[in-house]
Amino acid sequence: MNAQDKKRIGVLGGGQLGRMLSMESRRMGSEITQWTGGENSGAANMASDVLLNAFDDQAGLEAFLQASDVATVEFENIPTQLLESIAEHIPTYPDAKAVGICQNRDHEKTFFKSHGIPTTPFRVATTEAELAAAFEAIPGDVIIKTLQFGYDGKGQLSVSQDEKTEVKKIWAEFQGARVIVEKRIQLQGELSVMIARGADGECITYDPAENIHKDHILDLSIVPARFSPEILAQAQEIGKKIATALEYVGVLGVEFFIDENQSILVNEMACRPHNSGHHTLDACETSQFEQQARVVNHQPLGSPALLKPVVMWNLLGDLWPSSSQEPDWTPVLSTPGATLHLYGKTSAKKKRKMGHVTFVADSVEEALSKAEHCRQAMNWSA
Ligand code: ADP
Ligand code: MG
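This section reports on the structure supplied with the text.

Rules used throughout
Residues numbered from 1 in each chain as written. Chains lettered and ligands numbered in written order. Predicted model: local features only at pLDDT ≥ 70, side-chain atom pairs only at ≥ 80, totals over all residues. Heavy atoms only, no water. Helix = DSSP H or I, 4+ residues; strand = E, 2+ residues; numbered from the N terminus. Rg over C-alpha atoms; globule rule 2.2 N^0.38 Å. Buried < 20%, exposed > 50% of the residue type's maximum accessible area, 1.4 Å probe, protein only. Contact = heavy atoms within 4.5 Å. Areas by Shrake-Rupley, 256 points an atom, 1.4 Å probe, with all protein chains shown as cover. Lys, Arg positive; Asp, Glu negative; His and termini not counted. Charge placed at Lys NZ, Arg CZ, Asp CG, Glu CD. Donors = N, O, S within 2.8 Å, 3.2 Å for Na, K, Ca; no water. Near = heavy atom within 4 Å. Polar contact = N/O pair within 3.5 Å; in protein donor to acceptor, adjacent residues only side chain to side chain. Nonpolar A, V, L, I, M, F, W, Y, C, P; charged D, E, K, R; others polar. Phe/Tyr/Trp six-rings, centres within 6.5 Å; stacked < 30°, edge-to-face > 60°. Pairing = 2+ DSSP bridges. Axes fitted to C-alpha atoms, helices over the stretch in contact; angles between N-to-C directions. Core = buried A, V, L, I, M, F, W, Y, C linked by side-chain atoms within 4.5 Å. Domains from an automatic or database assignment.

Attention now goes to the overall build of the chain. Check the secondary structure of the chain and you find 12 helices and 17 strands. For 382 residues, the compact-globule estimate of 2.2 N^0.38 gives 21 Å, and the C-alpha radius of gyration of the chain, at 21 Å, lies within 12% of that figure. Projected onto its principal axes, the C-alpha coordinates of the chain cover approximately 65 × 50 × 45 Å. Each of the 382 residues in the chain was classed as buried or not, and the buried ones make up 55%. The contacts in the chain between residues at least 6 apart in sequence include a share of 62% that link residues at least 24 apart. With an accessible surface of roughly 16200 Å², the chain has 48% of that area assigned to carbon and sulfur atoms. Averaging the coordinates of the 35 positive side-chain charges in the chain and doing the same for the 50 negative ones gives two points 1 Å apart.

Here's what the structure looks like:
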């Protein structure tokens, strides 16, 4: 490829994942158009161009196709019909089939089961009677989740064994939405793996991240993860198996649970870079976003090697003194090895992801203690 044919990347979605893809791909000489599907929170401001049309707007599609040589996604819930229409004109990675599986918890789990990949026991319910049957079929405590559009724990309800008698009331809470009922796992820990797979089938995996959630939202990611080498190897192997079975092209995130028997179960997957892979910007040879740019540009994949132990802290809007006033970053800025990333969102809200900080150090313990020091100094209680 010579300098004139640098690819113009079109990305569907208006969030921070597109922002960081924009920063990485523009650094490498690509132009990028971010189609937000609605408003711009400010996160899309690093793109070369931003489209605000709704995803079902024909003029939006035409403008997107005009501006792009290749398409990708930074948000899971892109209508698959739109991806199919785009793919009639330009290469689209990942494809509508893979995105369709990732955006529906039933399709996702059924896919895992059919490939012999261990996952949480589940039942789908579309009526009150099916909910009662699912409660019966899955003994003990459960978690109910909407089949689609859930993120950061939204659309989820934890139900203990004793509460299962309240089927009517619980069903009413979901207002007719189709749900999945999952066994509530006695979590010994959570981890995730990022995978990148090229159009030629070349596939790399990053070192797994250990993830600590607070109120169902990712709080900290720790790499290297503090699990046995066998578990880490299994996570990477399963990640590769999923990407290969999907004939996936792009960057894929796979989340895992470790249960009370120290068994590994796949929780869910994301057809795009993932929050638990943000540390790759500061601590790996090639970031997950550069990897996505390389895949869509048909360039060789980069090394995923971890350069230094790292901890990532997610910055939620709860840390902001008000919706428009930023915290004082002095503790972060005066910590050696700490890097602040803000997503440019103009308004802070509780639980909204506003940015993250990575802490690199010579050991995980040291990276964690730097993170803890900053969190305390900024009055963040985990
Ligand atoms: P989201 O799309 O919101 O990330 P997840 O299914 O990953 O949805 O759930 C978010 C978090 O909630 C998980 O990372 C985990 O901490 C907790 N959780 C979800 N499902 C279960 C489960 N079946 N058992 C135990 N904890 C769960
Ligand atoms: Mg999740």
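Read on, since the account is not over.
Turning next to the coordination of the magnesium ion (ligand 2). Distances from the magnesium ion (ligand 2) to its protein donors, namely Glu255 (OE), Glu255 (OE) and Glu268 (OE), fall within the range 1.9 to 2.6 Å. Here Glu255, found in strand β13 (residues 250-258), pairs with Glu268, found in strand β14 (residues 264-270); they are 13 residues apart in sequence, far enough to count as distant. For the pair Glu255 and Glu268, a shared accessibility class is recorded, and that class is buried.

Bringing the site of ligand 1 into the picture now. The immediate surroundings of ligand 1 are formed by 21 residues, with Lys145, Gly153, Glu190, Asn267 and Glu268 found nearest. A distance of 2.7 Å is found between an oxygen atom of ligand 1 and a side-chain nitrogen or oxygen belonging to Glu268. Breaking the shell around ligand 1 down by element, the ones donating at least two residues are β6 (142-146), β8 (179-183), β13 and β14. Each residue belonging to the shell around ligand 1 can be placed in one class, and the counts come to 5 nonpolar, 7 polar and 9 charged.

Quick look at the packing of aromatic side chains now. Inspection of the entire model under this criterion finds 5 aromatic pairs. With a centroid separation of 5.3 Å and an interplanar angle of 40 degrees, the aromatic rings of Trp35 and Phe64 are classed as tilted. Highlighted residues: Trp35 in strand β2 (residues 31-35) and Phe64 in helix α2 (residues 58-67), separated in sequence by 29 residues. For Trp35, a relative accessible area of 0% puts it in the buried group. Its relative accessible area of 0% is what places Phe64 among the buried residues. Judged by centre distance (6.0 Å) and plane angle (65 degrees), the rings of Phe111 and Phe112 are edge-to-face. Of the two residues examined, Phe111 and Phe112, each falls in the buried class.

Moving on, we get to the sheet that holds β8. Ordered by their spatial adjacency, 4 strands build an open sheet running β5-β8-β6-β7, and the pairing between neighbours is antiparallel. Looking at which strands have only one partner, the edges of the open sheet turn out to be β5 (122-125) and β7 (156-159). Each strand of the sheet is rotated relative to its neighbour by a mean of 20 degrees, with strand direction disregarded. Across 4 bridges, β5 lies against β8 in antiparallel orientation. Bridge pairing links Ala125 to Val179 in β8. Contacts from helix α5 (residues 105-114) reach β5, β6, β7 and β8, with the element oriented near 145 degrees to β5. Contacting β5, β6, β7 and β8, helix α6 (residues 128-137) runs over the sheet at an angle of about 170 degrees to β5.

As a further point, take the nonpolar core. Counting 44 residues, the largest nonpolar core has Leu12, Ile86, Ile242, Phe256 and Met269 as its most contacted members. No other element matches the 6 residues that helix α8 (residues 229-245) contributes to this core. If you count residues domain by domain, this core takes at least three from each of domain 1 (3-92) and domain 3 (189-377). Setting aside residues no more than four positions away along its own chain, Ile242 makes contact with Phe111, Phe112, Ile117, Leu252, Val254, Val266 and Met269. Membership of the second largest hydrophobic core comes to 24 residues, among which are Ile222, Trp320, Val357 and Ala367.

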